[in-house]
Amino acid sequence: MKKKFSRVLSTVLAVCLTAAIAIPALADGNSTLSELFRGVTVYVDGAKVEPKNAAGEPAEPFIVDNSTYLPARAISDALGAEISWDEATYNVYIDTLKADPKAAEYLTEYFEIEAMTGTVSAETYTAALTSIFGEDAVAMTGTTLVDAVKATVENCGLKAVAAAYTAEIATASTNGVKGVSEADAAAVAAALDAAVASGTWDYAAELDGETATQLLMNAVNFAGMGRNYLGNISDTDISAKLTAAFGAFYDFHDLNNESIANLWKLGETIVDRKATTGFGLCSSDYDAKFLNKYTVQYSHSDIDHAVQLVTIMKSLGIDAKVALEPKVSIYLWDGHLNAGMEYNLRFEFNSVEDKDAFHAQTVNYVSRTIENNPVTPIKGAWITPCYNSYVEVEDFVHIYDNVITCGKYSLHPFSLPDNVESVTTVVNEVAAEFNANAAEGADQIVTEVKDLWCNAAFFRYLGGENQ
C-alpha cells in the first residue's frame, strides 16, 4: 500500500471482510437470513477462486443488503498479498509484498545460508548478512525484528533514505503496523516502501527463522542479486514483456570485447579439432538465477514462438516464473562457423511435479514431427525442439554441458556420455593453451563440466539423427 494509507484494516473493515466473523454479526436483530444471499463465485484474472480460511475450510462469500462480503484471507491469497490477523485488537494486516515460499532454498543455493528456524540470534543473522553483502556488512545489534530490519536497511543502502524521512512521513507510512516505536519509524518506513519488509510483521517480536528468511530474501531482491526474470506466465502483460525483452537483445558476439574474442577463437579451435560442431555464447548479465531444481530451459530463435508457447501454457493452467536470455548460436555449416541470434526461455515452476509435467503438456505444441498429433503446432515449431534441465527430470536423457567461461561470457558445447571424456580433454587442452599465452591481467578461461538432462528428441539430434 502507498505510504499515505494505513497498512492495517480497521476493526470494522476486518469484521466486514472476515466471513467467520461477519456471519454471526448478522444475528443482532437488524438483519435476517432472508437478506443473506450465497452462491457468489469470485474470479481473479479469469481464474476461479475457491475461498478457504486459515484452517483450509471453505469460506463462502455472501451478499447482504446489496453489499458483497469476501473473505479477506482468500482474496488476499488470490491477489498475491500477505495477510495476518491480530485477535487481540481485531485488526487485519494486508500487504502486497508476497512472501517467497522458496526463500530458504534460494538463500542456501546462491549464498550458502543454512535454513533458519526458531529464534534467530544477532550473530546468526549477521553471518547471513555477511554471506550476502560481504565482510563489510553492517551487523545486527539486539534481538528483535526491528533490530534486524535496521541492519538490513543499512546494508541495502537505505540509511540515507530513512534519514530523509520527516516524522510525519515515517508515521504515515507505518501507521497501524505492529511494534514500531517513534524512534524506529523512519527505518521501518524505508524498508516498507522499498519492499524490503512487510506491513504484516510485528516489529517488536523476537526475530524468528521464517521472518528472517523473508527479510533476507527481500534484501537480496532489492540489491539486484535475486532472480532476473520478466514475470509469471499468469501475468496479463507477460507476452508484451517477452516481445520487448527480445527487441532489446543485441548480437554480443560482434562486440569489440577481448573475452568474447578469446572465446570465439577457442570455439573455432575445438571445432577444428573435431571435439564439437557448435556451441552457444551467453552472457551472465542475463542469467535468470533461478533454482535449478524447479527450472527448465527452452531454446528457440523466434520470439513469436515464445509468446505462443507461454499463451498455450497459460491456457493449460500452467504457471511459472519466466526469464528470457539471449544466446548466440554458433554452428558449423559448409565448412564455416555461422552465428545466429537465439534465446533461452527459462521457466521456474512452482513445484517439481509441475516441472516434470512440462514435456507431456507441451511437446505436441512445439514439435512438427509427431504422428497423429491431436493439436496444431504453434508458429515456428521445430523438427527437434530443445529443452533441458541441470537437475534430473523423468523421461529426459543425460548429457553434459562443457561450460567454458571468460569474464562474464561463456561457451556451451554439449557432449554425449560416450564422448564427454574426449571433448573435455580437448576443451581443457585448448583452454590451457589460451591461458598460457594470455596477456598479463586478462581474464582467464575457466572450464567446467556440468550434468545436463535434455528431451529425448534433442538427444537423438545430438547423436546425428534428424528427429
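Check the entry above for the structure.
Residues numbered from 1 in each chain as written. Predicted model: local features only at pLDDT ≥ 70, side-chain atom pairs only at ≥ 80, totals over all residues. Heavy atoms only, no water.

Caption draft 1: Representation of empty space enclosed by the protein in the model. One pass over the structure, following the stated rule, counts one cavity of 30 Å³ or more. Of the voids in this model, the largest cavity is the one considered here, and its volume is about 40 Å³. Residue lining of the largest cavity: Asn292, Thr295, Val296, Gln297, Arg346, Asn388, Ser389 and Tyr390, and that is the complete set. Mapped by element, the contributors of at least two residues to the lining of the largest cavity are strand 11 (295-300) and strand 14 (386-389). Of all the elements, strand 11 adds the most residues to the lining of the largest cavity, at three residues. (1 Å grid on protein atoms, 1.4 Å probe; cavity = no way out; pocket = protein on both sides within 12 Å on 5 of 7 lines; lining within 4 Å. Points joined across faces, edges and corners; volume = space filled by probe spheres on them. Helix = DSSP H or I, 4+ residues; strand = E, 2+ residues; numbered from the N terminus.)

Caption draft 2: Layout of the pairing of strand 11. Counting buried positions over the six residues of strand 11 gives six, a clear majority of the element. As judged from the six bridges shared by strand 11 and strand 13 (residues 336-349), these two strands associate in the antiparallel manner. For Tyr298, the partnering residue across the bridge sits in strand 13 and is Leu345. Sheet topology places strand 11 next to strand 14; three bridges connect them, and they run antiparallel. Pairing of Tyr298 across the sheet is with Tyr387, part of strand 14. (Buried < 20%, exposed > 50% of the residue type's maximum accessible area, 1.4 Å probe, protein only. Pairing = 2+ DSSP bridges.)

Caption draft 3: Layout of the packing of helix 11 (residues 238-247) against helix 13 (residues 303-315). Across the interface, helix 11 lies against helix 13 with an axial gap of 10 Å and an inter-helix angle of 160°. Between helix 11 and helix 13, the angle is such that the two are roughly antiparallel. Remark: the crossing between helix 11 and helix 13 carries right-handed chirality. Residues Ile238, Ser239, Leu242, Thr243 and Phe246 of helix 11 lie in contact with helix 13, whose contacting residues are Ile303, Ala306, Val307, Val310, Thr311 and Lys314. Here the contact of helix 11 with helix 13 is composed, by residue class, of seven nonpolar, three polar and one charged. (Axes fitted to C-alpha atoms, helices over the stretch in contact; angles between N-to-C directions. Parallel < 35°, antiparallel > 145°, perpendicular 65-115°, else oblique. Left-handed = near helix turned anticlockwise from the far one by under 90°. Contact = heavy atoms within 4.5 Å. Nonpolar A, V, L, I, M, F, W, Y, C, P; charged D, E, K, R; others polar.)

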